[in-house]
Each structure stands twice: as structure tokens, then as C-alpha cells.
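Descriptive structure summary
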Amino acid sequence: MGGILLDVDLRHLYLLDILVLTRSEVHVNLWCMKLQSIRGMNDIAPPESHIWGKIEDAARAVCRAAGYGEIRTPILEPTELFKRGVGEATDIVEKEMYTFDDRNGDSLTLRPEGTAGVVRAVNQHGWAIQQSILKLFYLGPMYRHERPQKGRYRQFYQFGIELLGVQDPLADAEVISVGWDLLKKIGIHDVELRISTLGTDSCRKPYFKKLTALLKENMDLVPEDFKSRIEKNPQRIFDHKDEKAQALAKKLPLLLDELDEESSQHFKRVQEHLHSMEIPFVVDANIVRGLDYYCHTAFEFTTNSLGKTQNALGGGGRYDGLVEMLGGRPTPGVGFAMGLDRLALVLQEASSFGGVRPDLVIVSSGKESVSVSLKVARELRGRGISVEVDLEGRSMKAQLKRANKLNAQYVLLIGEDECASGMAILKNMETRSEDSIPLEKLTAQLLEKFVESFHQE
Ligand code: ATP
Ligand code: MG
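Residues numbered from 1 in each chain as written. Chains lettered and ligands numbered in written order. Predicted model: local features only at pLDDT ≥ 70, side-chain atom pairs only at ≥ 80, totals over all residues. Heavy atoms only, no water.

**Quick look at the packing of aromatic side chains**
Our working definition: Between 30 and 60 degrees the pair is tilted, below 30 it is stacked and above 60 it is edge-to-face, where a pair is any two Phe, Tyr or Trp rings, Trp via its six-membered ring, whose centres lie within 6.5 Å. With a 1.4 Å probe rolled over the protein chains alone, any residue whose accessible area is under 20% of its type maximum counts as buried; one over 50% counts as exposed, and the rest are partly exposed.
For the structure shown, the criterion picks out nine aromatic pairs. Note on F299 and F301: the rings are 5.7 Å apart at their centroids and 75° apart in plane angle, and the pair reads as edge-to-face. Each member of the pair, F299 as well as F301, carries the same accessibility label: buried. An aromatic cluster is built from F137, F159, F299, F301 and F336, whose rings are joined through pairwise contacts.

This is how it looks when you write it as C-alpha cells:
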């Protein structure tokens, strides 16, 4: 039996459990085996999660500064929302969604992206009617059944913003600037902003017709999985990852060369605003969306540090028809979504975050010393200073060793000698300098010290 157990794929554990229920010996063995997470769904723990925390803090700070408020929508939504909001002729809806019937027989889907849910909520609560401009951001997990690889997972996290109610190209530029500012704030320097335009219906529709006809003429060059798209979504051939598709795309005419006056004016204004904000960009015709309600600006933030197929850190654009498509009254919108897993990977590889180190480690010994150290630690923690204390009654030598390992900025020694003399010793672990601090003034003097050193950083 043991031999058979070794071959068991753990993801089938529950099924096997049922199959072998009658064989109690095997049943017990199976229950003892370690369970695994679902393929493509990761555990994010320290030290990696510190990087995630920093990215999320930065995202919140950038949003606060630009006036975007957080929205949290459910992870489960009616399947219909994504069919309409993402579009039936997309990879996401055709083959990547986690869809199931719940106990009532309703078809539900784990959200594959954030915009559809936000727009659903805006319509449901009538927010776009109450306020002329809505600025919202979200942060959270998304689910797509893709082939897991570096930077591509089945549960991944997105940070995104949506600006609803403004038609002016200034809104497109502001949205782009929020994404750009976040990338700079967290220290991603190897990033390129690529922008394009999808124009308006009046130039896109005839262009799509022409594209569909050309693709039909070259059917032998069209990748198999794209053949069903050439009517509804022909422009997506430009961002198809297949080499054959990319070669074909190079020979096709560009919408950028066939823009009407309104479209080229809008695109020109966005570029002017980006210049004013000193945000560098390149115009790249391969940035497409290709659904009816996307129009004008489309953009992507890309990096060279993650390989060719996972090089997009984020993408977005204008979607003036979406609110209406989801049952609301016509409302222009523009937004982007950024992949947090990819941001974390880039930062991890560049080691831009040195990890977290405690501000202070208190080394204590003896009953009195422990009670002082607990009190001081709580007071300092209450003021936002990170403090580690010994919880295991270890020797001072072992505690000092741990302080070194944790790379603490300061170490406070309160041994029995220090308690007797009424003076603790504060060691700066970088400069190796030492100060004596009277026990009764510990919190006040340490706070002063930390304010000073925070100012110097
Ligand atoms: P890609 O071309 O890489 O598949 P996409 O066009 O499907 O990206 P969007 O739907 O625009 O991506 O999502 C915005 C961002 O979310 C992407 O730029 C990427 O950083 C991230 N992202 C998308 N899918 C995944 C995934 N499966 N795993 C990790 N991050 C993802
Ligand atoms: Mg994708």
C-alpha cells in the first residue's frame, strides 16, 4: 500500500479518501499526509511579505495624495458580469475563469480582474449619478486559470485605479501619472511606459473591418486559437504572444495611421500632458484592447527584468462605454491595473528593499530587567518604533547574537548590573558608539534618539 501512496497526487487527496474509505489503514495514512496549496496559488510569507507590505503602503500613499478612495468589492460575482464586462471574445472569459454553480444553481465566478466589479458597484449604488467625478482604487486577489510560471499565477494580486466621469485627456494623463509615481516610489527604475490609442468608434469600426478581411485572406498564418477572434476582436493579434502571430501583425496596417480628428487630438493632448509632467513614454501600436467599450488611450508599464512574456507590470486605458454596457448611464472612465506579484518579483531580484530590521532589540536579564524591558517596549511600539524583546529567558550573550542576526539598528542592554546602577546602555550597532541612559528616563530619551535618527534618514 505504501508504494501506491507515494504515487498519489496530493491534489486528488479528497477523491482518494472517498475511494479508500473502507480500507481504514490507508485512510489513516492519507489523512496524515501534508496537503499542498492549489497549483499557481502561492503562500506569501516573511521576508517576501515585507516587500508586499511596502508596495501596498506605497500604493495607498500615492492614491491618498491623488484623491483616490479605496473600494472593496466581493471576490465572487455573477458570471454574467465578466462575460459582459470583460467580453466573451477574450482569453479571460473563454478559457481562464474559475466558474462554478453555487448551491442555488447560480453561476458564480472568482473575479479575474477588478474593473467590472467596481463599475457594477458604481451602477448598483448610483454613485456616478450622485457625484460627477469618482476616483476609486482597489487592491486584492484575482483568479485566472493560466499556465503557472514566473510572474504568472492562478491567484495573483492587482492594485488598480478607476477615474469615472471625466472625458478630458487630462484624466488619462492623471491616471497614468499615478501608476508612474507608484513605480518610482517603490524604486522600480527599469520601467517603460508604452502608450497607444484605440481611437473612437468612427475610425475603429472601418479599421476592424479591414483588419478582419486581411486576416481572413491570410488564414494560414493566423494562429489556431485566434481564428475564432478575427471577427470580434481582430486587433488583439497585435498583442498575441505567439511568434507566428507577431510576424503576421508586423505586416498589418495600424490604427494609429488611420485616426480621425477627434482621436488624434485626444491622443496628442495626452502626450502633451505627459510631457508637462516629465513622464517619459514611447508610442507603441502593439498596445491594444480591442473591445467595443475601450476607446482612445491604452497604455502599459513594461520592464525588461521579467522576461518577454511576463514583461507587463500593469496596463490600462479609457473605457467610455463600459458603465453603460453594465447597465449604468453613459459615463466616461479611465483606469489601470498593476500586477503586485510582478512588482514584488522585480524588487526582490533587484534587492531594492533591504528587508525589515527592528529599530531596537532590548537585551534583558533578571526579573526586574524583564519588567522594565516589557514596559519600555510597549511604550516605544505605541509610538511606531519596532522593538524586539527576549521571550525565552535566554542568556545575554544569546540575545546579543540574535540582535546581530536581526540586524537591529540599536541594542539596549538592561542586565542585572545595569539595574543595580540604574543606567541602561544603548549601543548603536552601525557606529558601535554607546550611551548610558537612566532607567527612569528610558522611554523619553529613546524616543528622542529615534526621532533624531529618523530625521537623518
Ligand atoms: P499579460 O499580457 O501578462 O497576460 P494581461 O494583459 O492579461 O497581462 P491585465 O489584464 O491588463 O493583464 O492585468 C494587469 C496586470 O496584472 C498585468 O500587467 C500583470 O502585471 C498582472 N497580471 C495579469 N495576469 C496575471 C497573472 N496570471 N499572474 C500575475 N500577474 C498577472
Ligand atoms: Mg493575460
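Now that the structure has been shown, we can carry on.
**Digging into the site of ligand 1**
Here is the rule: Working definition: residue near molecule or strand if any one of its non-hydrogen atoms lies within 4 Å of it. A 3.5 Å cut-off defines polar contacts: any pair of N or O atoms within that distance qualifies, except that in protein one atom must be a possible hydrogen donor and the other a possible acceptor, and neighbouring residues in sequence count only when both atoms are side-chain atoms. Residue exposure ignores everything except the shown protein chains as possible cover, and the areas themselves are Shrake-Rupley values with a 1.4 Å probe. Comment: elements are numbered from the N terminus, with helices defined as DSSP H or I runs of at least four residues and strands as E runs of at least two. Polarity classes work like this: nonpolar for Ala, Val, Leu, Ile, Met, Phe, Trp, Tyr, Cys and Pro, charged for Asp, Glu, Lys and Arg, and polar for all others, with Gly in that last group.
Taken together, 15 residues form the shell around ligand 1, and within it R144, E146, R152, K241 and A312 come nearest. At 2.8 Å, a side-chain N or O of R152 approaches an oxygen atom of ligand 1. Between ligand 1 and G339, the relevant distance is 3.4 Å, taken from an oxygen atom to a main-chain nitrogen or oxygen of the residue. Relative to its unbound accessible surface of 580 Å², ligand 1 loses 87% to contact with the protein. Listing elements by their share of the shell around ligand 1, those giving two or more residues are strand 6 (155–164), strand 10 (312–318) and strand 11 (333–339). It is strand 10 that provides the largest number of residues to the shell around ligand 1, a total of three residues. Of the residues that constitute the shell around ligand 1, the class distribution is five nonpolar, four polar and six charged.

**Digging into the packing of helix 4 (residues 48–66) against helix 9 (residues 169–185)**
Test applied: An axis is simply a line fitted to the C-alpha atoms; with a helix, the fit covers only the stretch in contact. Between two such axes, the angle follows the N-to-C directions and lies from 0 to 180 degrees. Two helices cross in a left-handed way if the nearer one is turned anticlockwise from the farther one by less than a right angle. They cross in a right-handed way if the turn is clockwise. Residues count as neighbours in contact if any of their non-hydrogen atoms are within 4.5 Å of one another.
The interhelical angle for the contact between helix 4 and helix 9, taken along N-to-C directions, is 145°, at an axis separation of 9 Å. Where helix 4 crosses over helix 9, the handedness of that crossing is right-handed. Within the contact between the two elements, helix 4 uses I55, A58, A59, A61, V62 and A66 and helix 9 uses E174, V178, D181, L182 and K185. Of the residues that constitute the contact of helix 4 with helix 9, the class distribution is eight nonpolar, no polar and three charged.

**Here we look at helix 10 (residues 201–217)**
What sets the pattern is the α-helix's 3.6 residues per turn: residues three or four places apart point alike. Our working rule: Given the number of residues in a helix, its expected span is that number minus one, multiplied by 1.5 Å. The directions considered for the arc are those from the helix axis to the C-beta atoms.
Between its terminal C-alpha atoms helix 10 stretches 24 Å, which fits the 24 Å expected from 17 residues at 1.5 Å a residue. Among the residues making up helix 10, those that are buried are C203, R204, Y207, F208, L211, T212 and L215. Taken around the axis of helix 10, the buried residues stretch over an arc of 160°, which confines them to a single face. Every exposed residue of helix 10 that faces more than 90 degrees away from the buried side is listed here: S202, K205, K209 and E217.

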